[in-house]
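# Structure assessment
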Amino acid sequence: MASTRRVGLLTGGGDCPGLNAVIRAVTKSLVLQHGAQIIGFENGFEGLVKQRIRKLEYSDVSGILSRGGTILGSSNKCNPFRYHERGGADVSSGVLQYYHELGLDAVVGIGGDGTMSILHRFQELGMNTVGVPKTIDNDLVGTDRTFGFDTAVAIAVDAIDRLHTTAQSHSRVMIIETMGRYAGWIALYAGVAGGADIILLPEIEYDLEEIARVCRNREIGGQHFTIIAIAEGARPRGGEMVVGEVVTDSPDPVRLGGIGHFLKQQLETVIKSEIRTSVLGHIQRGGTPTAYDRNLATLYGSYAAAMVAERQYGRMVALQNNRVTSVALSEVANRTRTVPQDSPMIASAIAVGTSLGISNFDLRLNGSQITHAIS
Ligand code: F6P
């Protein structure tokens, strides 16, 4: 990378464990392998709009591998193509001008679908971009994994384990609401790992009667408690998602939350057991990343640095079939990777007797492959 001298770096969207590990990997790789200078933008694209930058030296990123959050700050409100602080005006030309003034060879953006969509638009306008897939939701198209997901699942599993003991003591139905707006990966993986009795996903509208039937059957069978893992984006058959807030002009305008309490109210009308709801919320995004996420973040960050060195722009780092590779940002932008109904994890959940909130007959009608395809 003889002529690559300056590389911009930002973290966009909601934070998640492993962001600092990627910042460290991108910076150390580019400095050590290519002698590049790294310019960090503060608070995601806000730093490009407001010209708030920080030089990142090798020593600045030492000791941050295991730290949650992001040393650069982040924002899930700032979209330079519809800037919230100027009534939704397009300020992208100012951003592009600043990029050229700084003499940057490329910008590495670490973020979710909103960030990848914005990077894609800037790439089309002449900015050299590389994306790194982040989000606890694991819902980015083109990659089998986003970093942060494993940590969020581990936190949710720990919570389910704790709810098990108190549910058992009081013979209660415990509802745990996880994040996951349009994709139920966290609820599914945490629900299976935590042994939840019922798992409710945005991808499968639940049937209240079926949930009540499972709770009653457990009672009859001598198990006087039930654990229900529900994604925040889940909804009853024919019903709506429970929207907490809509943040206009944000690249991710819809903020969810509350379906766990709604389900409690619904369920109280059809079963006799005491019911409690716990909402995990942002706890899933905080704290130290798991070893898996630190490794994935380091793989992604060093690969992103190599992509910059080789001028592979307009692409996002990805994990496919256990190999790190990259995909075009055009394939990722404005799309969501939801849980397919023929997911092996859904088949496994059903195989061990977990309910997905609708009868297996209905699930089959929905197109789910409820047994494993053995080849
Ligand atoms: O996209 C990540 C995520 O944590 C979602 O799971 C959740 O719905 C959303 O961000 C919450 O956003 P905020 O941090 O604005 O509350």
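Residues numbered from 1 in each chain as written. Predicted model: local features only at pLDDT ≥ 70, side-chain atom pairs only at ≥ 80, totals over all residues. Heavy atoms only, no water.

## With respect to helix α3 (residues 92-101)
Within α3, burial applies to Ser-92, Val-95, Leu-96, Tyr-98 and Tyr-99. Considered in projection along α3, the buried side chains sweep an arc of 160° and stay on one side of the axis. α3 presents Ser-93, Gln-97, His-100 and Glu-101 as exposed residues on the side facing more than 90 degrees away from its buried surface. Of the residues one or two after α3, Gly-103 is the one with positive phi, at around 70°. (Buried < 20%, exposed > 50% of the residue type's maximum accessible area, 1.4 Å probe, protein only. Helix = DSSP H or I, 4+ residues; strand = E, 2+ residues; numbered from the N terminus. Arc of directions from axis to C-beta.)

## Overview of the domain arrangement of the chain
By the assigned domains, the chain splits into domain 1 (6-147 + 289-332) and domain 2 (151-286 + 340-365). Centre-to-centre, using C-alpha coordinates, domain 1 lies 32 Å away from domain 2. Taken together, the 22 residues of domain 1 in the interface contact 19 residues of domain 2. Approximately 1,700 Å² of surface area, both sides summed, lies buried where domain 1 meets domain 2, with 51% of it carried by carbon and sulfur atoms. Area buried by domain 1 at its contact with domain 2 is led by Asn-76, Ile-136 and Asp-137, which between them contribute 33% of it. At the boundary of domain 1 and domain 2, one finds one salt bridge. The closest approach of N and O atoms between Asp-15 and Arg-285, which form a salt bridge, is 3.0 Å. The interface formed by domain 1 and domain 2 holds five residue pairs in polar contact (both at pLDDT 80 or more) in total. Residue contributions to the side of domain 1 that touches domain 2 peak at three residues, all from helix α4 (residues 113-124). (Domains from an automatic or database assignment. Contact = heavy atoms within 4.5 Å. Buried area = accessible area lost by both parts, 1.4 Å probe. Salt bridge = Lys/Arg side-chain N within 4 Å of Asp/Glu carboxyl O. Polar contact = N/O pair within 3.5 Å; in protein donor to acceptor, adjacent residues only side chain to side chain.)

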